[in-house]
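# Structural features, examined
Chain by chain, the residues:
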Amino acid sequence: MKIGFIGLGNMGGPMARNLAKSHNVTGFDTLTKPENIPLAQSAAAAAKDADVVITMLPNGDILRSVAAEIHPAMKAAAIHLDCSTVDVESARAVATQAETHGLQAIDAPVSGGIGGATNGTLTFMAGGAKTAFETVQPLFDIMGQKAVHCGASGNGQAAKICNNMILGVTMIATCEAFVLADKLGLDRQAMFDVVSTSSGYSWTMNAYCPAPGIGPESPADNDYQPGFAAELMLKDLNLSQIAAKAADADTPMGQAAAALYKEFVENEGGAGKDFSAMLPRFERRNRG
Ligand code: NAD
């Protein structure tokens, strides 16, 4: 396939490199100029003639402006595959605009981070027409290990923010429980051994334990270097709250998690740390 790839940052760069091993990839990025991917002079030039144009961009506003530039340049029936994490409304607006240009659109945000992008082990959650999803399935197979079709346009983003709202809330719950356990004199290894095999178990406890030296290796064992940065968790929690407001859904735990990560990132030294660094954040505090 002929692929245009726009947004060659931490995630897009390695994803494009994996695709370039077996497809004809032309990239574009306003800042990053990787040497091992052929580059175009503009987003429209990268998109022209492509069967599939992939975007991997920071947010919904940038996605909308890039979509407005590339859709008129794309060839008829080509697919715009957006893998960025953006608000549901932007994903749906971009898909509607694609249709007006005779194009197909898939929103397919990812889970798996930079390691997943590099190793080709991402999980994709996709919204859009099933036929378009099936057409890009071979690309998902190269960039990832699993792709789930979640329904109509925007549903990939909906799945992503619901998943990450659970993740943020659960990480906070795991961290605050560790600190309570510490203060009650419970050994962290004993805490892990019980919870990881009891009804409080979760991915954050069992696979990504926020306590250094406990459980499988995780960012906690590397001074909380990300991993999945606290800023990105805050971004996703904010997206969940924008969506919850628009859909009139009551999400008190998501709201509390968004407020805690905002405080952590903006005022408590959380920027640049893994999102599991909530554990030392709770350690530094008392109840009042
Ligand atoms: P990044 O900032 O490293 O990369 C984004 C790239 O887009 C940058 O290189 C930037 O120069 C480029 N860009 C910005 N505006 C542009 C424009 N108008 N035209 C062309 N290029 C433009 O970010 P990232 O970590 O690669 O994340 C990309 C997306 O993936 C985000 O939506 C993020 O939320 C999501 N995501 C990231 C991770 C992660 O661990 N980094 C995990 C899952 C999802």
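Computed from a prediction, not measured in an experiment: that's the story for all the values here.

### Details of the site of the ligand
Taken together, 23 residues surround the ligand, and among them Asn10, Met11, Asp29, Leu57 and Lys235 come closest. At 3.0 Å, a side-chain N or O of Thr32 approaches an oxygen atom of the ligand. The fraction of the free accessible surface of the ligand (830 Å²) that becomes covered by protein chains is 84%. The set of elements that each furnish at least two residues to the shell around the ligand consists of helix 3 (60–70), helix 5 (113–119) and helix 10 (230–247).

### A word on the state of the cysteines
The full count for this structure, using the stated rule, is 0 disulfides. With no disulfide of its own, Cys150 lies 10 Å from the sulfur of Cys162, the closest cysteine sulfur. Cys162 sits in the partly exposed class, given a relative accessible area of 46%.

### Overview of the nonpolar core
By size, the foremost hydrophobic cluster in this structure holds 33 residues, and its most contacted members are Tyr261 and Phe275. Where this core is concerned, the elements lending two or more residues are helix 7 (155–183), helix 8 (188–195), helix 10, helix 11 (252–267) and helix 12 (278–283). Among the elements that line this core, the one with the most residues is helix 7, at 8 residues. Setting aside anything within four residues of it in sequence, one finds Phe275 in contact with Leu167, Met171, Trp203, Tyr208, Phe228, Ala229, Ala230, Met233 and Tyr261. In terms of nonpolar packing, the next biggest core, distinct from the first, is built from 29 residues, Ile3, Val110, Ala132 and Leu139 among them.

Rules used throughout
- Just so you know, the residues in each chain are numbered from 1, in the order the chain's sequence is written.
- Totals for whole chains, interfaces and linings use all residues, but because this is a predicted model, local features are given only for residues with pLDDT of at least 70 and pairs of side-chain atoms are given and counted only at 80 or more.
- As a rule here, side-chain values cover all heavy atoms of the structure and leave hydrogens and water aside.
- Being near a molecule or strand, for a residue, means having at least one of its heavy atoms within 4 Å of it.
- N or O atoms within 3.5 Å of each other form a polar contact, as long as, within protein, one can give a hydrogen and the other can take it, and as long as residues adjacent in sequence are counted only when both atoms are side-chain atoms.
- Using a 1.4 Å probe, the Shrake-Rupley method yields the accessible areas, and only the shown protein chains count as cover for residues.
- Every helix listed is a DSSP run of H or I at least four residues long, and every strand listed is a run of E at least two residues long, numbered separately from the N terminus.
- Cysteine sulfur atoms that pair up within 2.5 Å are treated as a disulfide.
- Buried, partly exposed and exposed residues are distinguished by accessible area as a fraction of the type maximum, computed with a 1.4 Å probe on protein chains only: under 20%, between the cut-offs, and over 50%, respectively.
- For this analysis, a nonpolar core means a set of buried residues of the types Ala, Val, Leu, Ile, Met, Phe, Trp, Tyr and Cys, connected via side-chain atoms within 4.5 Å.
- The criterion used for residue contact is that any of the two residues' heavy atoms lie within 4.5 Å.

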